[in-house]
Amino acid sequence: MTTITQLIAQIETRQPVLNKDALNEQQCLTDLAGVGSLSDADDTQLSFLADPRYVDKLGQTKAGCVLVTERYQAAVPASSIALVVPTPYLAYASASQLFAPSENSAYIHPTAVIDERAVIGEAVSIGAYCVIGKDVVLGARSHLSAHVVIEAGAQVGEDAVIKSHVVIGHDCVLGQHVRIHAGASIGAEGFGFAPTADPSTRGWERIAQLGKVIIGDYVRIGSNTCIDRGAINDTVLGSHVIVDNLVQIAHNVRIGDGTAIAAKTGIAGSTSIGKRCIIGGAVGINGHISITDDVTISAMSMVTKSIQRSGSYSSGTVAMPSNEWRRAAVAFRKLGQSTRTD
Amino acid sequence: MTTITQLIAQIETRQPVLNKDALNEQQCLTDLAGVGSLSDADDTQLSFLADPRYVDKLGQTKAGCVLVTERYQAAVPASSIALVVPTPYLAYASASQLFAPSENSAYIHPTAVIDERAVIGEAVSIGAYCVIGKDVVLGARSHLSAHVVIEAGAQVGEDAVIKSHVVIGHDCVLGQHVRIHAGASIGAEGFGFAPTADPSTRGWERIAQLGKVIIGDYVRIGSNTCIDRGAINDTVLGSHVIVDNLVQIAHNVRIGDGTAIAAKTGIAGSTSIGKRCIIGGAVGINGHISITDDVTISAMSMVTKSIQRSGSYSSGTVAMPSNEWRRAAVAFRKLGQSTRTD
Amino acid sequence: MTTITQLIAQIETRQPVLNKDALNEQQCLTDLAGVGSLSDADDTQLSFLADPRYVDKLGQTKAGCVLVTERYQAAVPASSIALVVPTPYLAYASASQLFAPSENSAYIHPTAVIDERAVIGEAVSIGAYCVIGKDVVLGARSHLSAHVVIEAGAQVGEDAVIKSHVVIGHDCVLGQHVRIHAGASIGAEGFGFAPTADPSTRGWERIAQLGKVIIGDYVRIGSNTCIDRGAINDTVLGSHVIVDNLVQIAHNVRIGDGTAIAAKTGIAGSTSIGKRCIIGGAVGINGHISITDDVTISAMSMVTKSIQRSGSYSSGTVAMPSNEWRRAAVAFRKLGQSTRTD
C-alpha cells in the first residue's frame, strides 16, 4: 500500500505536485493499492487524465485519486483526491513504479557460479544458476534474475536489472541503471565474413569481432533483442536509449542519447542514428548510413539512405482488401517496366 | 510401433474412420513405424491424400496405410490398407502424434530449484536447472524441459509442455494443454515509457507494467516469441490460439479464440484481434486498433487501421528484378510528390 | 601478441602473401596486438586497404602493418610493413582471428549434466549448467559456453562453437565447424496444425514434427535465430551457410551451400533456396516455393513466387517524408481500385 504522501514524493522526482499544500491530513494518509483507468479504477486505485478526449470519463470516475492538469482539476469528482501536475502521464509513469512488486532483496543464490576474480558490488542480488565470468564488474544494488550469463571482463554499472537468460558478452561495458529483459543477447559476434576465393563453392572466412558493445546509463533493452559486438571498433548505445523486444542492432551501429526503438526493428551494420529519434516497429535501416537527430520513422519503413533533416519519414503500403491489392501490386510492378526515370 | 487399431482410436478422437468395420484382423494388427509422403513412404509407414492434385501418386504409393476420403478409396493400391475419413489431413495430424518420441515420464531433476511454496501437480516432469518461484502453481502431468524459469505467483494448467529456456513472468496465468517452445518470453515488462521534461536530453520515465499475461487452453507459442505483460490491465490470449516463432505481442493486446499467427509478426500495444483470424508471417499491426473475427491478413502486410469486416487483406509489393524495382520505387515516390488526394 | 610471421601463416591458409620473401628478419618478428582502420590504427595494429576509394588514407596510416594488393604497395608509408595479397579483405578476415581471445581450453564444468550414454569427443569444453542428453554425440574440440541444451540423440561435429542458451533439439545432426550464437533454437517443432471440424470454435490439431534439422559443415547461426525441425522429412542447411540473428527458418526448408542470410529474414515452410544466394535483412520468403542458385534478394523484399533465374531481386518502397508518403500510399491504394489488369 502506498499513501498519497508517498505518491507525491515519487511524482516530485520529476515534476511538482501543484496542489499538495491544499491537501488535508486525512487525504495525505489515504492508502492506494494500484492503478486503473478512469472507467475501471475503484477507490483504492490511482487514475489519470492524460488525453483531454477522455474528460467525460473523469467526471464519472470512482478512482481514489486522479492525476490531472490544473485545467481539469474542477472536473474531478468530490469522492476522488485530485493531484494537479503539469504532465499527468509522466506522473502516472512515476507513480506506477510504487505499485510494482519489489525485486528481491540482496541475495546471492548458492548455485550462482561466480569467478573468484569477479568484482561484485554491495547489495547485489544474483539468482539461481547465474554464471559470472572472470574479471566481471557488477555494480552495487544490481539485480540479476535466474540463468544470467555475464562473460569474462564485462562491466555492468550500479542498479542494473537483468532478467533471466540474458547473455552479456565478454568485455562489454554497460552503464548505470540499465534494464535488460529475458533472453536478450548483448555482445554476440557481429555478422562479418569475407567471401573466399574457393572456385567450387562459395565459402566464407569469418571476421573475428574484436570490438565490444558499450551502453550508456538508463538504457532499456527488450526481450530476445540482439546487439552485436563491433568488428574493429565498438557498437555504442548512448544514455536514455530505450529498445523494445526482438530488435536487431548489428555490429558497429551507434545510437544517440534518448532514442527509442520499437519492436522488431533491424539496424544494419555501421549505421549511425542520432539523438532523440523515434523509430517505429519493424523498421529496416540499411547499413553504413547516418540518420540525424530528432528523426521519427514510422513502423515498417525501409530506410535505404542517410537522413540529414529532422522530421518524420515513412514508407510501405497499407493493408487493403486482397483482391484490390493484387491489382495494385501488379500496377506497381508495371511502373517499373514502363517508366523511365533515369 | 503403432497398430492400425491404435491409429483408428487416435483418429477417432476427431472424426470417424468410415471403413473400420471392413478391416480384417490381420490388417488391424499391422504395425506402422512412421509417416511418409505418398511418393516416399514404405510399407511400414502411413501416408495420406490431402490434396486431390496428388491422386496420381496415390496409385503408385508403397505406403503401408493411406488416409483417404471415400471418393479416392478405390485408387488405393491393394498393397496398402486404406482408412477412409472425411478429412485425411486432420487424420494425418492426429495420427502423427503417435509416432513422436514420448516426453519423459514424470521425473523431477535434482537440480531443479523449486520454492517450497510452489504447488506442483501430480506426475509432472521438471528438467535440469529449472527454477520455480514462490506460489507458482504447476498443473498435473506438465512437462518442463531444462532451464525453464517460472517466476513467483505464475500459474500453469495441466498437461503443459514447456521447452528449454522459456521464461514465464510473475503472476501470469496459463490454461490447460499449453505448449511453449524454446526461449519464449511470456510476461516480460511491456514497452511503456513517458517522456520526461528534461530540457537537455530526452529521458524516459518507465511505466511499471502492473498487468499480467493471461493465456487460455490449447495455446501454442513458438520459439523466441515475446508476449509482454499489460501496463494496467492484462495481455490476453484466448483458447486455441497458435503462435509461431519470433512473434512480438505487445502489452495489453487481446487475441480471440482460434486465431493463428505466423512467424515474425508484430502486434503493437492495446490492439484487439478477433476470433479465428489467420495472420501471415511478418505482418505488422498497429497499436490501439481492432480487428474483427475471421480476418485473414497475408504475409508482410502493414495494418494501420481497424478492420471491421471479415475477409482477406494484404499490402506490400512483390519482388521483381532489381533494376525494374528501382524505377517502380522512384515512380511510387513521385506519386507522393505530384498527386493531391486530400 | 602476434608476429608478422604468424600473420603470414594464417593468411596463407586462404591465399599467398606475395612479398613475403622480401621481408627482413626484424619485420618478420614485429609484434602486432590488434586491428584498426587506416585512420585509427597505431603502430601495434594491423590495417588493410580493401576499397580503393580509401587510398588517400593509406598514405597517412600509422598502422604497423598494412594488407594491400600489389597495385597499392608503393603507397604504403615506410613506417608500415606492407603485406601484398590478392584480396586484402579476405586477408584481414583470416588475420583477425589471431587477435580474438581464445576460447577456454578443454574443460568440463562440474555442473554440466551429461547423460552417461552421451559420447563426448576429445578435448571438448563444456560450460556451466550445460545439459547433454542421452545418446548425444559431441565432436572433438567442440566448445560449449554456459547453459547449452543438447537434447537426446543429437549429433554435433568436431570443432563446434556453441554459445550460451542455445538449444539443439533431439536427433538433429550438425556438421563440422559449426558456430551457433546465444539463444538460437535449432530443432524446435515446426508450426504445423490441421484445422479441426469443431463447429463452435476453430480448434487446431497439432501435427507432430517427425523430421530433424540437418546442418552441414562450416555453418554459422546467429543469436536468437530459429530453425524448426521438419514435419515428415528434414529441414536441411548445406555447408558454408551463414545466417544472422533473429532469422526464422521454418520446417522443411532447404538451403544450398554457401548461401548467406541477413538478420530478421523469414523463410516459410517447405521452401527451397539454392546455392550461393545472398538474402538481405528482413526479407520474407513464401512457403512451398523454390529459389534457384546465385540469387540476390535485397533487404525487406517480399518473395511470393519461385525465382528461376539467377540475378538480383527487390521489392518495397523507400522512406520519404511522411506527408509525401501519405499521398503516395493513397495513390497506390487507388491503383487497386481503378486498374483492371486481369
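Cut-offs and rules
- Residues numbered from 1 in each chain as written.
- Chains lettered and ligands numbered in written order.
- Predicted model: local features only at pLDDT ≥ 70, side-chain atom pairs only at ≥ 80, totals over all residues.
- Heavy atoms only, no water.
- UniProt positions renumbered as here; feature names shortened; annotations may be inferred.
- Domains from an automatic or database assignment.
- pLDDT = per-residue confidence, 0-100.
- Axes fitted to C-alpha atoms, helices over the stretch in contact; angles between N-to-C directions.
- Helix = DSSP H or I, 4+ residues; strand = E, 2+ residues; numbered from the N terminus.
- Left-handed = near helix turned anticlockwise from the far one by under 90°.
- Contact = heavy atoms within 4.5 Å.
- Nonpolar A, V, L, I, M, F, W, Y, C, P; charged D, E, K, R; others polar.
- Least-squares fit on C-alpha atoms with pLDDT ≥ 70 in both.
- Pairing = 2+ DSSP bridges.
- Buried area = accessible area lost by both parts, 1.4 Å probe.
- Salt bridge = Lys/Arg side-chain N within 4 Å of Asp/Glu carboxyl O.
- Buried < 20%, exposed > 50% of the residue type's maximum accessible area, 1.4 Å probe, protein only.
- Polar contact = N/O pair within 3.5 Å; in protein donor to acceptor, adjacent residues only side chain to side chain.

As annotated in an unreviewed UniProt entry, chain A is UDP-3-O-acylglucosamine N-acyltransferase from Psychrobacter aestuarii. One UniProt comment on chain A, placed under Function (unreviewed entry), says "Catalyzes the N-acylation of UDP-3-O-acylglucosamine using 3-hydroxyacyl-ACP as the acyl donor. Is involved in the biosynthesis of lipid A, a phosphorylated glycolipid that anchors the lipopolysaccharide to the outer membrane of the cell."

Asker: Any chance you could explain the domain arrangement of chain A here in plain terms?
Answerer: In many analyses, interface size is given as the accessible surface area lost on bringing the parts together. When the domains of chain A are assigned, the result is domain 1 (2–99) and domain 2 (172–313). A separation of 38 Å is found between the C-alpha centroids of domain 1 of chain A and domain 2 of chain A.

Asker: Help me out: how do you make sense of the confidence of the model for chain A in this one?
Answerer: Caution applies to low-pLDDT parts of the model: their predicted coordinates are not meant to be read in detail. Per-residue pLDDT for chain A averages 95, and the proportion of residues at 70 or more is 96%. Across the interfaces of the predicted complex, the ipTM metric reaches 0.96, alongside a pTM of 0.97.

Asker: Please explain the packing of helix H1 (residues 4–11) of chain C against helix H4 (residues 88–96) of chain C as it appears in this structure.
Answerer: In a packed pair of helices, the relevant descriptors are the angle between the two axes and the axis-to-axis distance. Residues and elements named next belong to chain C. Contact geometry of H1 with H4 gives a least axis separation of 8 Å together with a crossing angle of 115°. Like other packed secondary-structure pairs, H1 and H4 cross with a definite hand, here right-handed. Along its contact with H1, which presents Leu7, Gln10 and Ile11, the element H4 presents Ala91, Ser94 and Ala95. Residues of the contact of H1 with H4, tallied by class, amount to four nonpolar, two polar and no charged.

Asker: Could you clarify how one ought to interpret the relation of the copies chain B and chain A in this entry?
Answerer: Taken together, a rotation about one axis and a shift along it account for how the two chain copies relate. The transform that puts chain B on chain A rotates by 120° and translates by 0.0 Å along the axis, for an RMSD of 0.0 Å. Those values place the two copies in the arrangement expected of a three-fold rotation axis.

Asker: Just checking my understanding: could you explain the sheet that holds strand E14 (residues 149–150) of chain B for this structure?
Answerer: Strand pairs in the sheet, formed through backbone hydrogen bonds, run parallel or antiparallel to each other. All names here are of chain B. As summarised here, the arrangement of the ten strands in space is E8-E11-E14-E17-E20-E25-E28-E31-E34-E37, forming an open sheet in which the pairing is parallel. Of all strands in the sheet, those bounded by a partner on one side alone are strand E8 (113–114) and strand E37 (302–303). In the sheet, strand E31 (residues 266–267) pairs with strand E34 (residues 284–285) via two bridges, with the strands oriented parallel. Considered in E34, the bridge of glycine 266 is made with glycine 284.

Asker: Mind showing me how you'd approach the interface of chain C and chain B here?
Answerer: Contact with chain C, which involves 73 residues of that partner, is made by 66 residues of chain B. With both chains or domains summed, chain C and chain B bury close to 5,800 Å², and 63% of this area falls on carbon and sulfur atoms. The three residues of chain C that bury the most area against chain B are Phe191, Met302 and Arg327 of chain C, which together make up 13% of that side's buried surface. Between chain C and chain B we count three salt bridges in total. When the shortest N-O distance is used, the salt bridge between arginine 14 of chain B and glutamate 205 of chain C registers 2.8 Å. If one sorts the elements of the side of chain C that touches chain B by residue count, helix H5 (residues 322–338) of chain C sits on top with nine residues.

Asker: What is the right way to read the pattern of salt bridges from this model?
Answerer: Two side chains of opposite charge can pair, provided their charged atoms sit close to one another. All names here are of chain C. Tallying each qualifying case throughout the model produces 32 salt bridges over all chains. Arginine 117 is paired through a salt bridge with aspartate 135; the nearest N and O atoms lie 2.8 Å apart. Of this pair, arginine 117 sits in the loop between strand E8 (113–114) and strand E9 (119–120) while aspartate 135 is found in the loop between strand E11 (131–132) and strand E12 (137–138), placing the two residues 18 residues apart along the sequence. Glutamate 158 is the partner of arginine 141 in a salt bridge, and the nearest nitrogen-oxygen pair spans 3.1 Å. Highlighted residues: arginine 141 in the loop between E12 and strand E13 (143–144) and glutamate 158 in the loop between strand E15 (155–156) and strand E16 (161–162), separated in sequence by 17 residues. Overall, arginine 141 belongs to the partly exposed group, its relative accessible area being 44%.

Asker: Is there a simple way to explain the UniProt feature "active site" (unreviewed entry) in chain A in this structure?
Answerer: Residue and element names in this part refer to chain A. The UniProt entry lists His251 under the feature "active site" (unreviewed entry), expressed in the numbering used here. Tracing the backbone through its elements, the reader meets histidine 251 in the loop between strand E28 (248–249) and strand E29 (254–255). Assessed through its relative accessible area of 15%, histidine 251 is described here as buried. Those residues in contact with histidine 251 that sit more than four places away from it in its chain are Gly190, Phe191, Gly192, Gln209, Asp228, Arg229, Gly230, Ala231, Thr235, Gly269 and Ser270. Only 2.7 Å separates the side chain of histidine 251 from the side chain of glutamine 209, close enough to count as a polar contact.

Asker: I tried to follow helix H4 (residues 88–96) of chain B on my own but got confused; where do I start?
Answerer: The periodicity of an α-helix, 3.6 residues per turn, causes residues three or four positions apart to be oriented the same way. For H4 of chain B, the tally of buried residues reaches eight of nine residues, placing the bulk of the element in the interior. Turning to H4 of chain B, its buried residues number three or more, namely Pro88, Leu90, Ala91, Tyr92, Ala93, Ser94, Ala95 and Ser96 of chain B. Looking at the buried side of H4 of chain B, the elements it contacts are helix H1 (4–11), strand E3 (34–35), strand E4 (45–48) and strand E5 (65–68) of chain B together with strand E21 (193–195) and strand E22 (204–206) of chain C.

Asker: Would you mind going over the interface of chain B and chain A with me for this structure?
Answerer: At the interface, 73 residues of chain B touch 66 residues of chain A. Taken together, the two surfaces of chain B and chain A that pack against each other cover about 5,800 Å², and 63% of this comes from carbon and sulfur. When the area that chain B buries against chain A is broken down by residue, the three leading residues are Phe191, Met302 and Arg327 of chain B, summing to 13%. Here chain B and chain A share three salt bridges between them. On inspection of chain B and its partner chain A, the count reaches 31 residue pairs in polar contact (both at pLDDT 80 or more). Of all elements in the fold, only strand E20 (185–188), strand E21 (193–195), strand E22 (204–206), strand E25 (226–228), E37, strand E38 (311–314), strand E39 (320–321) and helix H5 (322–338) of chain B reach the threshold of two or more residues within the side of chain B that touches chain A. If you tally residues by element for the side of chain B that touches chain A, the top one is H5 of chain B, at nine residues. Partitioned by chemical class, the residues of the side of chain B that touches chain A number 38 nonpolar, 25 polar and ten charged. With two bridges joining them, strand E39 (residues 320–321) of chain A and E38 of chain B adopt antiparallel strand pairing. Paired with proline 321 of chain A across the two strands is tyrosine 313 of chain B, which belongs to E38 of chain B.

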